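This is what each chain is made of:
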Amino acid sequence: MKTIKRITALILSVMLLLSCCLSVGFLSYAEELRYFERGVLTDGTNTAYYIIDKDNKVLYITGDGNHNARTPNYPSAAEGPFAGRTDVTRIVIEEDVEKIGDYALSNMTKVDTLEVQSNLLSSSSSMSSKAMIGCTGLRHIQGDNSLLSTDVFLEVIKGAVNIASGNWLSLVKNGISIISTGVTGDNTLDNDTVHCMVDDYINNGNKIFLDDLATAQEAYNERLANPCYSNNAFHHSYQAAVTTQPTCTAAGETTYTCPTCGDVYTEPVTALGHVYTATTLYERSCFVEGITKYSCTQCGDAMYQAIPAIGHHTYDSYTYDAAADAYTEICAVCDDHNTQFDNDTSALIYAVDLAEALDSSDYTTDSYQTLYNAVERYLPLEETDYLQYPQVKVDEKVAEILTKLDALVPYLNLRLSYQPGGIATVIYEDVTAGAGKQSVTFGTEVTLTATPAAGYTFNGWYEKTTRRILSEDEVYTFSMTSNTDILARFIANDEATLYFTCLDGQLKSYVTKTTEEWRTVTSLEALLPEVPYSYGHTDGAWRYNEPAVLATLSSGEDVTVMPTYTDVAIPTYEKPQSTDGVTPALTLYYEYDAAYNVGNFIMMADVPEDCPYEEIGIAFYYKNADTFNPTALRLLMNNKMVTSRFDTLYEDGKYVVNFKKMSAGKNYAAKGYVSYYDADGNLQVVYTDQVNIVNLAQAN
């Protein structure tokens, strides 16, 4: 039969070759190829030829007569050369084919028969298990028994029908005839034998070759003779018995025996593991370790573990020696006696008093609780109680409390208002709000948005406290580092504004009128505000060209008028230097001008050129003198502070705030600050020393 097939294939090849040549030479005979299709499968290295007999729906894979054929591998089932074809029901692989690659015959769902004339299926390397993936109609594999090995052809079928190995036996039972014998006409492989072989291969891993029929049938008959075997499966009823008892450290063994057929297998029993109970042999002390013994209740094994010493004494009482002015602390654990002399505890008392005076509602819960945990132990103590602590501990605790004071995260006030002619909104965290007061934690990013009404233009964001413009952008984003009161200002399109501005950029006042109204104004005299006080100057006066100002305003353009002064002698203030070229350096000074009753707070700052600063300002706190001692206050940023912000970085590093109409009836505290972003993008704040004012004079 092989010879006949080879002759047939050769004749077909010659016919196709002749028909192809004729079709090239004589186009009029091209229709003779309509019942056959031929082609080449190659990737430049591996090459095979194919012929499709369209009448009989047969695909032949063959060589060129001189060399054994090898098809290429294809990337996926969808990209196989015949994927999706339904005009082939039978595939014949000629004897001179030595390899069928990945997906070479994939997704041919109408193919029900594979005939193998070569030794492809006798070696797992000859035909890829992926070759016929998607050929879900495959029902027959034909060939010489000596050429087909169970382990290979089952992989091919598995790939073709694309199912899990656990379903093989039921698949075979339900209609797949795996083998139709070839040239010998041998039909001795009955269905039961095939079922047995498939079951043996899939479930047990045995590899029985089809040419060894006697071995296959003998194994199958032996299995059938087993009283626990039926329907191609064993049905043992095992009885379990622990044959080796497990210990704490060694595994045991359970033996399973089938009383029906005597089949036996074993499984390990997990070791029990030690079960320890603990007994304290020696209690630990302040600086002496204890010992715990652990004993196994099952096998008596024992081990010992040290209990770490407490590491410190717990002094909860003391005695006082008046003659030596010394206190003796007594440890509640080990009765140790520790005597400390009358050390300087004023700084610790001061730090605890500062923390105790704070209002917890001014700060976030976590940051306030951290501070409270540091001072809680000291709150009930009297002044003399502090003497029981050695000086080094006093100093360490002072540093800890002051550090946690500075680390408090305050709630700050954000007030937003806007003039007629538009609306303004504020967004921070998950909050969106309009005009009004918001309580925002320090460092929170805030975005303000101004939306002018028809006929109006947004003029800018103004800080109401200092009357400085913060931004002219409709969307303004900043981080909260001080209390902020912001006004969104809108100007009608037919209006013009006359601004009266101080030398430092602070807006003294402004007048807004329509251009028609400005045309009726003949003098600015009635509009002039009081000339602002300026530190280091006198004889202030508004300087302007009145006709030019009125003409400009009447044309719809804004005008800014600034004062001129006569310079007077003032002290020279030293500008500090940044120590690392990154961190700002600040110093705050105070001068009282009795002639004008103005307190001048002068901050000298060195803000490095590349330092990304967020805000520069001076914070104030003041109350009635009879209830407020500024020297007992550590000024911390919170929602009770009044802040003066500066909108630009002055070239000479000098920032001045005038506190007008100061009163001896009030005491004041002030501290300058710069908030900036460090190299890691974290918001940081550096402060000046605190300046305290008592009865209008600076106090230490």
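Residues numbered from 1 in each chain as written. Predicted model: local features only at pLDDT ≥ 70, side-chain atom pairs only at ≥ 80, totals over all residues. Heavy atoms only, no water.

Student: Just give me the short version of the packing of helix 6 (residues 346–356) against helix 8 (residues 391–406), but keep the residues and values in it.
Tutor: Where helix 6 meets helix 8, the axes come as close as 9 Å, and the angle between the chain directions of the two elements is 25°. As judged from the angle between their axes, helix 6 and helix 8 are roughly parallel. Here helix 6 runs over helix 8; the crossing is left-handed. Residue-level contacts link Ala 347, Leu 348, Ala 351, Val 352, Leu 354 and Ala 355 of helix 6 to Val 394, Lys 397, Val 398, Ile 401, Leu 402 and Leu 405 of helix 8. Taken together, the residues that form the contact of helix 6 with helix 8 break down as 11 nonpolar, no polar and one charged. (Axes fitted to C-alpha atoms, helices over the stretch in contact; angles between N-to-C directions. Helix = DSSP H or I, 4+ residues; strand = E, 2+ residues; numbered from the N terminus. Parallel < 35°, antiparallel > 145°, perpendicular 65-115°, else oblique. Left-handed = near helix turned anticlockwise from the far one by under 90°. Contact = heavy atoms within 4.5 Å. Nonpolar A, V, L, I, M, F, W, Y, C, P; charged D, E, K, R; others polar.)

Student: Got a sec to walk through the sheet that holds strand 28 (residues 475–479)? Specific residues and values, please.
Tutor: Two modes of strand pairing occur in sheets, parallel and antiparallel, and in both the strands are linked by backbone hydrogen bonds. Judged by pairing direction, the sheet is antiparallel, and its four strands sit side by side in the order 23-22-25-28 without closing on themselves. Strands with a single pairing partner mark the edges of an open sheet, and in this sheet they are strand 23 (431–433) and strand 28. Put simply, the sheet's adjacent strands are angled 15° from each other on average, direction ignored. Pairing analysis gives three bridges linking strand 22 (residues 422–428) to strand 23, with the strands arranged antiparallel. (Pairing = 2+ DSSP bridges.)

Student: Run through the pairing of strand 25 (residues 445–452), naming residues and quoting values.
Tutor: On a regular strand, one side chain projects to one face of the sheet and the next to the other, so that they alternate. Sheet analysis places strand 22 next to strand 25, joined by seven bridges and oriented antiparallel. Bridging from a neighbouring strand, Val 426 pairs with Leu 448 of strand 25. Here strand 25 runs beside strand 28; their pairing, made up of five bridges, is antiparallel. Considered in strand 28, the bridge of Thr 449 is made with Val 475.

Student: If you had to explain the layout of surface pockets to someone new, which residues and values would you point to?
Tutor: In this approach a probe as big as a water molecule rolls over the atoms, and the regions it shows empty are the leftover space. Volume-wise, the largest pocket comes out at about 930 Å³. Taken together, 33 residues make up the lining of the largest pocket; nearest its centre are Asp 504, Gln 506, Val 656, Val 657 and Asn 658. Looking at which element gives the most residues to the lining of the largest pocket, the answer is strand 38 (residues 654–660), with seven residues. The residue makeup of the lining of the largest pocket, split by class, is 17 nonpolar, nine polar and seven charged. (1 Å grid on protein atoms, 1.4 Å probe; cavity = no way out; pocket = protein on both sides within 12 Å on 5 of 7 lines; lining within 4 Å. Points joined across faces, edges and corners; volume = space filled by probe spheres on them.)

Student: How would you sum up the confidence of the model for the protein? Please name residues and give values.
Tutor: Counting all residues, the mean pLDDT for the protein is 82, and 81% of those residues have values of 70 or more. In the predicted structure, residues 1–33 sits below a pLDDT of 50 and forms 23 contacts with residues beyond four places in sequence or in another chain. Across residues 205–212 the pLDDT falls below 50, and counting only partners more than four positions away or on other chains, this stretch makes 21 contacts in the model. (pLDDT = per-residue confidence, 0-100.)

Student: Run through unusual backbone geometry, naming residues and quoting values.
Tutor: Despite not being glycine, Lys 57 has its phi angle at roughly 60°, a positive value. Structurally, the position occupied by Lys 57 is in the loop between strand 2 (47–53) and strand 3 (58–62).

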